[in-house]
Structure formats: structure tokens, C-alpha cells
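These are the residues of each chain, in order.
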Amino acid sequence: MNVTKTLDATGLACPMPIVKTKKAIKDIETGEVLEVHATDQGAKSDLSAWTKSSGHELLETDESSEVLKFWIKKGE
Amino acid sequence: MSLQPMKPSELATKAVNKEELFILDVRNEDAFEDWKVEGSNFEYMNVPYFDLIDGVEEIMDDLPKDKNILVVCAKEGSSVMVGEMLADEGLEVSYLEGGMKAWSEHLAPVKIRDLTDGGELYQFVRLGKGCLSYMVLSGEEAAVIDANRMTDIYTDFAREKEVTINHTMDTHLHADHISGGRALAEESGGTYWLPPKDAEGVTFDFEPLEDGNTIRVGETDIDIQALYSPGHTIGSTSFVIDGQYLLTGDILFIASIGRPDLAGKAEDWVQDLRTTLYERYKELSDNLIVLPAHYTATEELNDDGSVQEKLSVLYKENHGLNIEDEAEFRKTVTENLPPQPNAYQEIRETNMGQVAPDSERKREMEIGPNRCAVR
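Residues numbered from 1 in each chain as written. Chains lettered and ligands numbered in written order. Predicted model: local features only at pLDDT ≥ 70, side-chain atom pairs only at ≥ 80, totals over all residues. Heavy atoms only, no water.

Novice: Describe the packing of aromatic side chains, with residues and values.
Specialist: All names here are of chain B. On inspection of all chains with the given rule, the structure shows 7 aromatic pairs over all chains. Ring plane angle 70 degrees and centroid distance 4.8 Å describe the contact between tyrosine 122 and phenylalanine 157, whose orientation is recorded as edge-to-face. Taken as a pair, tyrosine 122 in strand S7 (residues 120-126) and phenylalanine 157 in helix H6 (residues 151-160) lie far apart in primary sequence, 35 residues in all. In terms of burial, tyrosine 122 and phenylalanine 157 fall into one category: buried. Taking 5.5 Å as the distance between ring centres and 90 degrees as the angle between the ring planes, the aromatic pair formed by phenylalanine 124 and phenylalanine 157 counts as edge-to-face. Of this pair, phenylalanine 124 sits in strand S7 while phenylalanine 157 is found in helix H6, placing the two residues 33 residues apart along the sequence. In this structure phenylalanine 157 comes out as buried when scored by relative accessible area, which is 8%. Grouped by ring-pair contacts, the aromatic residues Tyr122, Phe124, Tyr154 and Phe157 constitute a single cluster. (Phe/Tyr/Trp six-rings, centres within 6.5 Å; stacked < 30°, edge-to-face > 60°. Helix = DSSP H or I, 4+ residues; strand = E, 2+ residues; numbered from the N terminus. Buried < 20%, exposed > 50% of the residue type's maximum accessible area, 1.4 Å probe, protein only.)

Next up, the structure:
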């Protein structure tokens, strides 16, 4: 996957992972991909719900290690 | 205005006293639909916190100016963020300390009544999950039934009452919450009782709880009699306490009955459930007062915050006890069941001692309502 930007939100508790993701996605263009790393378990359902409500696309989630990884494609 | 914290205990008082409160729940919509803080006179609004990061202007018109507002989220962080923005706008607002996680873990004793010769019976109400557990005290001894994971609540209460917990028992192998029975028995040097038919996969020692067993508490011999009453699980056992109270576990609730499917055997156990509810309990005294292990709706709470009702009243008013046709009964308890409780398999494995998750994982496994009933 072609990742344009990576955000490290590890060690941050809710709401910070989403607050930072929201800021970071402003820096990339429509169609580009943001990779997010987080350790807050709540990030799974919240990132999924946020991408849906904000028009972005959650392409993939990796929950295999302690650091959760998300790939988000910026929408219109 | 400044943002104020509200403790789960303060929120519990408001729920029990049926006070008015406006709850702004800032978790995502799925989480809110699934499970929320329940109160007869609570009003709700759900706006996910991520829609409010840039400001609260859009919801200001929908918020009451003359009512206390409580902001709720999963753990606390997001409710503080949103709460501060609302306080800056001049609203009277507080946030739930520890969020839904802390709410799920809050439980407090309600006195049911005095028993023979100075004994006492307490119901521990866990509002966040609708779980009910019990402590019988007499002389210098106590027994705890269907203890929850937060064992310090029971040990603190026992210390306050100057009693030793000699016995802990579970009416069945729970699937909706992690039992505190074994840990509590270990901490206080007591005996842990479990129905052997529910304990096939259990990895630790326990005292088998059989039909007809009598467990005595204290000098005044308050009897707890075990009554085999399968249906929710194959081992489900009820207790008759002091000849006055019937602890039904997850077989019979106030407004509903138990579901037979949480161990994957709905078809096998539906007949057991029917026999327990329509024959076995019917042979008992009408005057017994039913004390269940769960409730579902706040309407089931009495004014004093307890959950209890006479068996005779339930035979008149509980729909699940009034389905004459067996086929229809079978259909009711095996079809259109509510979703299963969160992580119920992992909870069962934990209660059997097969897995030992850390305390953070245990908290997460218990997120959500109990869902043990068929309405």
C-alpha cells in the first residue's frame, strides 16, 4: 500500500487518537492514504465509526500486535 | 461555569430516585444503541465526540438550558473534552467519572430485610449491567451468592458488618459476567460452591452444590437450601433462604425468564426450563419472594432500589410463566432471541478457570448489558 503519511498515536487515550487523525488527514489529498498507529483499544470502533461519518474509507486494520494499525483513504 | 465530575455512586442515586437528568452520550452510535446508562426519567442525546472536536455550536440549540447535563463516554477522556466546551458556553454540566467502564463496575448493597434471629439479607445491585448478587449475614458469618468480579465491595461490607465470608456460591456458570465467587472464597478462606453439572470444564477445586444441600450461616442457623432448577444452564440451581426467599439465578426474572442458549444448547434445555418454571417452582410456597440474579429494565427496580417480587405475583403477571402452549413456549425461548452477551464464550472460559485474562481485559469483556433474559 502506498502510504502518504504516518501518524503515531500510541500511548494516547481517547479522544486524542481521533483528534490527531482528524488533523493529520487535513495534510493529505483525496485518495491518499494515512497510516495510524494507536494503543487505545477504543480506537478500533471509533476510527471505524468516524471514517464512515466523515466520508473517508478505512481500508485495513491490523490488530495482530499490541500497536493497532489502521490505513485510512481520504475521501472527498 | 466549570465542569464538575459525577461519581458512579451519585449517578446510581439519581437512577434509583428516578431523578431527571439529561445525558449527552458522546460514544459512537453502535455503542450507544447497544448499551447506555438507564434511568426512568433520564433523557438522552447521542452525538459521537468525533463530530464535536471542532466545536459544540451545532448541538447548543438541542441542549436544555434548565436541566443538569451529564456527558458520558467509554472511559472519561472524550466526555471531559466535550464537557469543557459546553461549560465554556455557560451550561451547567458534569461528566461521568471513569465513563461507562466505571459505571459497569459500580455496585452497592440494598437491605432486603432482617431474617430470623438477627440475620440480614442484602441485595447488591449493579445498575450498569443489571446484575444482582446477595449476602446473607448471621452471627459472625456470611455467605455470598452470585458474587461479581469486584470482590472488594463484598469484603469491605463484611468487614464493616464484622462478619467472615465462609461460603460463596454461584447458581450457575455465568456467561455474562465474570464470577467473583472463587476469588472471594480464596480471599476469605471460605468454601466455593458450584453446581457440578455446570462444572465439567472447570480447572479448580470446588464444593459440588447438589439438590437438597443445606448451607448454614451463623449461630442462628439460617438455612440456604439448594434446589435443582435447570434450563438456563444444565446445572442451574436455586436457593431458598430462611424459608422466605427464592433466589432464582438466571432462570426466572421479575419481568422475563431465562434464555436456554448461552452454552449452545437451546433445543436440549428448553424442556428443562419449562419443567422448572411450570412444575418445580409451582410446587413451592406462593409466599416466597423471588430474588433473581438479573434485571433488564429500570421499571423492575422498586422505590428502595431493590429488585424483588412475590412468586404468586409473577405467576399472574410474568408473561414467560403464562404460555400454556408448549410449542409456543419452545418458540419463544429459542427463536428471535436477543444478541448474546459481549464475549460470552471467553467469560465462560474465564469462569471455568481455562483462561486467565488480565484485569483490563476482564473489564472489556464485561462491557455491555447482561442479555440473559427472554421477554
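Novice: Mind laying out the pattern of salt bridges, listing which residues take part and the relevant values?
Specialist: Residue and element names in this part refer to chain B. Within this structure, the stated rule accounts for 28 salt bridges over all chains. The shortest N-O distance in the salt bridge between arginine 363 and glutamate 360 comes to 2.9 Å. Separated by 3 residues within a single helix, arginine 363 and glutamate 360 lie in helix H12 (residues 359-365), roughly one turn from each other. Of the residues examined, arginine 363 reaches a relative accessible area of 29% and is grouped as partly exposed. Here glutamate 364 makes a salt bridge to arginine 361, at a shortest N to O gap of 3.6 Å. A residue pair is termed a helical-turn pair when its members lie 3 or 4 positions apart in one helix, as glutamate 364 and arginine 361 do in helix H12 at 3 residues. With relative accessibility at 18%, the residue glutamate 364 sits in the buried group. Residues joined by salt bridges that share partners form a network here, namely Lys101, Glu105, Arg126, Arg149, Glu346, Glu360, Arg361, Arg363, Glu364 and Glu366. (Salt bridge = Lys/Arg side-chain N within 4 Å of Asp/Glu carboxyl O.)

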